[in-house]
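A look at the structure
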Amino acid sequence: QVKQFANLTGFDALSARSLQEHLGLYAGYVTKYNELYARLQALQGLGRVRADSDTESLKVDITFALGAIKNHELYFDVLGFDGEQPAGPLAAEIARSCHSVPQFLMDLKQTAVLGRGWAWTAYDLDRGYIFNYQAGTQNGMPVWNSIPIMAIDLYGHAYFYDFGPNRVAYVETVMAHLAWNRVAARLACAQEAR
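As a starting point, this report considers the structure included with it. (Residues numbered from 1 in each chain as written. Predicted model: local features only at pLDDT ≥ 70, side-chain atom pairs only at ≥ 80, totals over all residues. Heavy atoms only, no water.)

This brings us to the packing of aromatic side chains. Tallied over the full model, the rule gives 13 aromatic pairs. Taking 6.1 Å as the distance between ring centres and 70° as the angle between the ring planes, the aromatic pair formed by Phe 104 and Trp 180 counts as edge-to-face. Taken together, the residues span a long stretch of sequence, with Phe 104 in helix H4 (residues 101-114) and Trp 180 in helix H7 (residues 180-193) at a distance of 76 residues. Taking the relative accessible area as the measure of exposure, Phe 104 reaches 1% and is therefore buried. Linked through ring pairs, Phe 5, Tyr 26, Tyr 75, Phe 76, Trp 118 and Trp 120 together constitute an aromatic cluster. (Phe/Tyr/Trp six-rings, centres within 6.5 Å; stacked < 30°, edge-to-face > 60°. Helix = DSSP H or I, 4+ residues; strand = E, 2+ residues; numbered from the N terminus. Buried < 20%, exposed > 50% of the residue type's maximum accessible area, 1.4 Å probe, protein only.)

This is the structure in structure tokens:
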């Protein structure tokens with residue numbers, strides 16, 4: 001099901017055209033996932049594995065579409081605020097994990113600028129710290145027992161309408177408009193899971 005993101009209403013750090021196109025792409029991934037999953041269920045309903053079935057490619061395509069859905073939902077959910085900085089328990093965890101908030105923000109920016117596809121901040125349940133990851137595909141994140149708490153879309157569709165090839169300006173704009181209170185809430189849930 002396509003989610004609505006009230007926090008993007010009136011959000012003008014990215015153009016209306018850019019957001020409309022991006023939300024449309026997200027909705028397309030939801031549709032694609034539903035179609036692929038229905039096909040997989042039909043194959044599974046046959047009750048046996050067939051050598052000529054396309055189960056393997058369906059599984060790969062499903063993880064790509066589902067990754068795109070989850071990545072976009074996380075990305076859209078943490079956009080929309082101006083001038084906020086990490087504070088409270090989030091800032092304390094960032095400092096513990098990354099030495100300082102400024103160092104974390106520099107690492108996040110570098111991770112995003114140099115990445116292809118996605119940059120995530122995730123909380124590692126095994127080690128009890130946060131880390132900035134990058135991957136080139138929608139289904140490239142799974143670092144087992146890590147819970148993503150923030151995402152930045154790095155695909156060209158996310159920034160080209162507004163910034164052309166200037167990914168640095170896009171990353172700086174997104175980072176200036178992250179809802180750190182929402183990231184903090186996600187961190188608190190991840191820490192509870194630990």
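To continue, consider the packing of helix H1 (residues 16-44) against helix H5 (residues 156-163). Close contact between H1 and H5 brings their axes to 9 Å; oriented N to C, the two are set at 165°. Taken as axis vectors, H1 and H5 run roughly antiparallel relative to one another. The way H1 lies across H5 gives a crossing that is right-handed. Contacts from Arg 17, Ser 18, Glu 21, His 22 and Leu 25 of H1 reach H5 at His 157, Ala 158, Tyr 161 and Asp 162. Residue composition of the contact of H1 with H5, grouped by class: three nonpolar, three polar and three charged. (Axes fitted to C-alpha atoms, helices over the stretch in contact; angles between N-to-C directions. Parallel < 35°, antiparallel > 145°, perpendicular 65-115°, else oblique. Left-handed = near helix turned anticlockwise from the far one by under 90°. Contact = heavy atoms within 4.5 Å. Nonpolar A, V, L, I, M, F, W, Y, C, P; charged D, E, K, R; others polar.)

Further remarks concern the pairing of strand S1 (residues 118-124). Two faces, one strand: in a regular strand the side chains alternate between the faces of the sheet. The element S1 is extensively covered by neighbouring structure, given that seven of its seven residues are classed as buried. Across seven bridges, S1 lies against strand S2 (residues 129-135) in antiparallel orientation. Bridge pairing links Ala 119 to Gln 134 in S2. Here S1 runs beside strand S3 (residues 146-153); their pairing, made up of seven bridges, is antiparallel. Directly across from Ala 122, in S3, lies its bridge partner Pro 148. (Pairing = 2+ DSSP bridges.)

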